[in-house]
Structure formats: C-alpha cells, structure tokens
Amino acid sequence: LKLSADLIAGIETERVNFRAGTKRFIRLAVSKSANESIQIDMAGHILEPPSVGEDQGQEVRDVTFPSFRDPTWAKAWSVIVTNNLAALP
C-alpha cells in the first residue's frame, strides 16, 4: 500500500514508526449503504522512511507499507464485501 499525504503531524509520526519498526494495521473502508460496502484490513510495516514529494505545489510525504503475515492475527489481509446480490453473477 502506498500513500501520498499532505505534510501533517500524523504523517510525520510514521517516520517515528519506521525508526521503531512499529507494525501498522491499516483499514480502508467505503460504505454506500448498509447493503453496499467494502472493508480492507492489512498488516503492514514501513521498510523505508517517508519520502519527500510535491503535489500541486503542496509538500507531501509518500509512505509505503508492504504487507506481512502477522502471527497474532494469523493473516496479512482481510477483505469483507457486503452487497445486496441474491447470487453471484
């Protein structure tokens, strides 16, 4: 997973997490309604410090989180899709 975000304190915290080797559990979720949603959970860690970039004149940081199999969670990824289909097409 690669994120590019405006330079804010939360992103700079990831530099500290990189130095400490902190594991990260990241959730991406979108919900259109109770019957239409997707949730992706990932165990990741930062192998390289956030890099400096620019987007439309705004200073940004690019952070890459490679996934890994977390022994406590017993997986690297979890994807949950909710839809209102009675059967798969």
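For clarity, every value in this text was computed on a predicted model and none was experimentally measured. (Residues numbered from 1 in each chain as written. Predicted model: local features only at pLDDT ≥ 70, side-chain atom pairs only at ≥ 80, totals over all residues. Heavy atoms only, no water.)

Student: Just to check I follow, could you spell out the packing of aromatic side chains for this structure?
Tutor: Any aromatic ring pair is given by two values, namely how distant the centres are and how the planes are angled relative to each other. Evaluation of the coordinates by the stated rule reveals 1 aromatic pair. A centroid spacing of 6.0 Å and a plane angle of 85 degrees characterise the contact between Phe 25 and Trp 73, whose relative ring orientation is edge-to-face. Here Phe 25 is found in strand 2 (residues 23-33), whereas its partner Trp 73 is found in the loop between strand 5 (58-64) and strand 6 (77-82), with 48 residues between them in sequence. (Phe/Tyr/Trp six-rings, centres within 6.5 Å; stacked < 30°, edge-to-face > 60°. Helix = DSSP H or I, 4+ residues; strand = E, 2+ residues; numbered from the N terminus.)

Student: Which parts of the structure should I look at to understand the nonpolar core?
Tutor: One recurring pattern in soluble globular proteins is that nonpolar side chains are buried together. With 6 residues, the main nonpolar core is built from Ile 11, Ile 26, Met 42, Ile 46, Val 63 and Phe 65. Those residues in contact with Ile 11, other than ones at most four positions away along the chain, are Ala 5, Asp 6, Arg 61 and Val 63. (Core = buried A, V, L, I, M, F, W, Y, C linked by side-chain atoms within 4.5 Å. Buried < 20%, exposed > 50% of the residue type's maximum accessible area, 1.4 Å probe, protein only. Contact = heavy atoms within 4.5 Å.)

Student: Would you mind going over unusual backbone geometry with me for this structure?
Tutor: A positive phi angle, near 55 degrees, is found at Gln 56, a position not held by glycine. Take Gln 56: it is sitting in the loop between strand 4 (51-55) and strand 5. For Ala 74, which is not a glycine, the phi torsion comes out positive at approximately 70 degrees. On the secondary structure map, Ala 74 appears in the loop between strand 5 and strand 6.

Student: Just checking my understanding: could you explain a nonpolar patch on the surface for this structure?
Tutor: On the surface, a cluster of nonpolar side chains totalling about 350 Å² of accessible area is made up of Val 30, Ile 38, Val 79 and Val 81. Tracing the backbone through its elements, the reader meets Val 79 in strand 6. Judged by relative accessible area, Val 79 falls into the exposed class, the value being 52%. (Patch = residues over 30% accessible without salt bridge, like charges linked within 9 Å, V, L, I, M, F, W, Y side chains within 5 Å. Areas by Shrake-Rupley, 256 points an atom, 1.4 Å probe, with all protein chains shown as cover. Salt bridge = Lys/Arg side-chain N within 4 Å of Asp/Glu carboxyl O.)

Student: Got a minute to help me understand the sheet that holds strand 3 (residues 36-45) in this structure?
Tutor: Hydrogen bonding along the main chain pairs the strands of a sheet, whether they run parallel or antiparallel. Taken in spatial order, the 3 strands make up an open sheet running 2-3-6, and their pairing is antiparallel. Two strands lie at the open edges of the sheet, namely strand 2 and strand 6, each paired on one side alone. Neighbour to neighbour, the strand axes of the sheet diverge by 5 degrees on average, direction disregarded. The sheet contact formed by strand 3 and strand 6 spans 6 bridges and is antiparallel. Residue pairing in the sheet places Met 42 in a bridge with Trp 77 of strand 6. (Pairing = 2+ DSSP bridges. Axes fitted to C-alpha atoms, helices over the stretch in contact; angles between N-to-C directions.)

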